[in-house]
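Survey of secondary and tertiary structure
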Amino acid sequence: MRTPAFWVLLAPVALTALVVALFAGYLTFLAPRSAAAIVLPLVAYAAAWLLLLRWWADPVERRPAWLVAMAVAWGATVAVAVGAGSGYLLDDVLARSITPTFAAQWGAALVAPTAEEAAKAAGVVLLLLAARPYFTTAWSGAIYGAAVGVGFTAVEDAGYALIAADEVLPDDAGAALRLAALRFLVPGFTGHPLFTAAAGAGIAYAWLRAGRPRRRWAVLAAAVAGSWLMHFAVNSPLAVMAGEALTGLTGSGVFTGYLLVVALPAVPVLWWLAALRRHDAGVVLARAGAVDPAAIRPQDIAVLADVRSRRRAERDVRRERGALAARAARRLWRAQVRLAAAVSRPFRGYAAAGPGWLAPPVRRWRLEVYAARQALAGPEQPRLGADIARQALAGPEQPRPGADAAPGSVTDGPGIIAPGRVAAARRAWPAALLLLLAIVGLAYWPVGVVAALAATGVAWWHWRRPGRMRRGLAAAVLAGWFCGYLWLVNSAVALLYPR
Amino acid sequence: MDSGFRNAAAAVAVLAALVALVVVPAVVGQWLPEEGPLPGGPRLDIGYGASLHPPPGARLALVPSRPGAGEVELRVGGLTARFTAVQTGDASLAGFTAHARHKLSRDEGLRAGAPEPASTDAGVRGERGTVDDDGGLTGCYAIFMAEDAGVVALITPVASCEVVPPPVWSAVRSLTFEPAGVG
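Numbers given to residues run from 1 along each chain, matching the order in which its sequence is written. Chains and ligands are labelled by the order in which they are written, letters from A for the one and numbers from 1 for the other. Selection of residues for local features in this predicted model requires a pLDDT of at least 70, selection of side-chain atom pairs for listing and counting requires 80 or more, and totals for whole chains, interfaces and linings are taken over all residues. For the side-chain quantities, the full set of heavy atoms in the structure was used; hydrogens and water were omitted.

Quick look at the sheet that holds strand β3 (residues 50-52) of chain B
Residue and element names in this part refer to chain B. One requirement defines pairing of two strands: DSSP has to find at least two bridges between them. A run of H or I in DSSP becomes a helix once it reaches four residues, and a run of E becomes a strand once it reaches two; helices and strands are each numbered from the N terminus. Strand order across the open sheet formed by 3 strands is β2-β3-β12, with antiparallel pairing between neighbours. Every interior strand has two partners, whereas the edge strands, β2 (44-47) and β12 (176-177), have only one. Pairing of β3 with β12, which is carried by 2 bridges, proceeds in the antiparallel orientation. When the bridges of β12 are listed, S51 appears paired with T176.

Quick look at the confidence of the model for chain B
Confidence of the predictor at the level of single residues is captured by pLDDT, which takes values from 0 to 100. The pLDDT averaged across chain B works out to 93; a share of 97% of its residues lies at or above 70. Interface predicted TM-score (ipTM) for the complex: 0.92; the corresponding pTM is 0.85.

A short note on the interface of chain A and chain B
Counting residues at the interface gives 40 residues for chain A, matched by 40 residues for chain B. Defined in terms of a 1.4 Å probe, buried area is the accessible area two parts forfeit on being brought together, summed over both. The three residues of chain A that bury the most area against chain B are R96(A), P100(A) and V168(A), which together make up 22% of that side's buried surface. Basic side-chain nitrogens of Lys or Arg form a salt bridge, by our definition, when they fall within 4 Å of a carboxyl oxygen of Asp or Glu. At the junction of chain A and chain B, the tally comes to 2 salt bridges. Ionic pairing is found between R106(B) and D166(A), a salt bridge with its closest N-O pair at 2.5 Å. For the purposes of these results, a polar contact is taken to be a pair of N or O atoms within 3.5 Å, where, inside protein, one atom must be able to donate a hydrogen and its partner to accept one; residues adjacent in sequence count only when each atom of the pair is a side-chain atom. Inspection of the chain A/chain B interface yields 10 residue pairs in polar contact (both at pLDDT 80 or more). Put simply, the parts of the chain that give the side of chain A that touches chain B at least two residues each are α1 (4-30), α3 (65-97), α4 (100-130) and α9 (237-247) of chain A. Considering every element that reaches the side of chain A that touches chain B, the biggest residue donor is α3(A), with 13 residues. Note on definitions: a residue-residue contact is assigned when non-hydrogen atoms from the two residues lie within 4.5 Å.

Observations concerning the packing of α4(A) against helix α7 (residues 192-208) of chain A
All names here are of chain A. The contact between α4 and α7 brings their axes to 9 Å, and the two run at 45°. With respect to their mutual orientation, α4 and α7 come out oblique. The handedness of the crossing between α4 and α7 is right-handed. Every residue of α7 that contacts α4 at E116, E117, K120, A121, V124, V125, L128 and L129 is listed here: H192, F195, T196, G200, I203, A204 and W207. Each residue gets one of three labels, nonpolar for Ala, Val, Leu, Ile, Met, Phe, Trp, Tyr, Cys and Pro, charged for Asp, Glu, Lys and Arg, and polar for the others, Gly among them. Per-class residue counts for the contact of α4 with α7 are 9 nonpolar, 3 polar and 3 charged. Simply put, an axis is a line fit to the C-alpha atoms, just over the touching stretch for a helix, and the angle between two N-to-C directions goes from 0 to 180 degrees. Should an angle fall under 35 degrees it is taken as roughly parallel, and over 145 as roughly antiparallel, whereas 65 to 115 is taken as roughly perpendicular and any remaining angle as oblique. Take the far helix as the reference: if the near one is turned anticlockwise from it by less than a right angle, the crossing is left-handed, and if turned clockwise, right-handed.

Some words on the pairing of β2(B)
Residue and element names in this part refer to chain B. By the bridge criterion, 3 bridges tie β2 to β3 in an arrangement that is antiparallel. In the sheet register, G47 faces β3, and the bridge partner there is A50. Where β2 folds back on β3, the antiparallel hairpin that results is connected by 2 residues, among which Y48 adopts a positive phi of roughly 55°.

Pasting the structure below:
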């Protein structure tokens, strides 16, 4: 598939790759030891992000490597070049039109989100134009958007680290590594991959969803605004002021206030992305189920739609039926997921499944599903998959196959049941107590943090079975993790920059 | 063909929007002033805890200056006085000054002459010296470091540090360094 947009996408990537390479070469010439010191950590950081996207964030679909590479390349080249150039000039306009003091304080917060997010989002739009059949759901936009963000952050962090290496002393590898480590940790998860994932999801949602144009535009606007706000929060002096304000609090670390401000816009965005991920995974599975209802049954979808659901179900199988049965179940689920991915992915430019026709990968994985079911069948385990899937469901509503299963068309989807859906709130006081402990832990770390994490861990262990996790408890668990992350960041910063 | 044309047109439109993102601010910036008044207050904050008392009549160069973020450029009496502040951490004065001189030469083509000791009114020790380039431009640099911050001052065009106008050199000597806050 070589659409005109593909070449329009490739040309600026190739051109700016040369510019970025020359600039990187110049910085490396100035600080060769520092460049050698940071290249491995940066590559590892980018690889960790891509693996996280591949294995955890994208539970069902398989993205073509060339398209992911194009996304990363756009972020690492054109987005960096346009973001830096436009950012410099916009900052200039800000300084000249208001004051340089205002530009010094607010320039990074106002200009960088505008220039950089626009450049990265343009990459997602071009990817959509170049490879539309590979964008099967709105979640596809999130994944490719995150890949753009990974490329961007790797090159940006490398640039900042090498500039820091030359700032005070010649080729100061320690300064380069400290800055790179700081930029990895802060803002951590709420960085460029998340910013562009949000924008990419909004773009794909508006582009792919059928009907309800007002809602599609509203979602796009909210996603882009969320992306801009998250970036604004990371760069804004408000976050720095919050950090300074909370430093006076007993036991509070340097970055506690900063990360609290950064987390504010990120939480609703992450919530939306998590819901979108589950919904769209269900849609992809339901589409494959429509092609062959015996291969992917409605009750299988809830287990398959999420990596955690599969792990949970596998643990249950292992506990109840033994390791062999767990391995067999894992084989079945893998085959079902690969079947769903094969159905959703175009085959040589054509839909992989049509009336009376199945692409070779679809046929292959369909056979594998049946073989895996056969392997599972036995006197003791005839309905193993159904038993486990029923345990994973919470509530009477059953998922239905998507109304329009044609590739390239995404409906609002069937009523997919998420295992995490809660029943009426009972025993809310443990959740409230845990949340309180977590908040107290923010002010009185590390003792409070350790206590909050320990209590959260105990509660999670007790209530970990599917369907029992309440929103309040989920919030307490997340707050506990956030506490632990704060402790890690503050400790790392104290280690990297001792005062 | 029609869908291919629309696909290409849409892609080109996206690229055009990116080009506009760069070109429009560049054009708008040309219509805006290059100099402006100094921020209010008796002292001018450079950044990282460093500040100075600006010379009378000085104006702020709006493009390179970012008071509070480490860069300030003053225009006074036909001279340009640029002050750059950085966080030096545990670097030594000798190491910092040597690298600063090297960067003046490498990045701006200014060769530094033999340094001589200098100090501010507050007693912060540093060095100063004359710089020149192949094009006939000469100037005076000064480097000071205290409280984990270093400032490099560059005054051009002057023949040597001895002939820097007193109000400008008073501004350099007025440099003070306060401990920086959360960074």
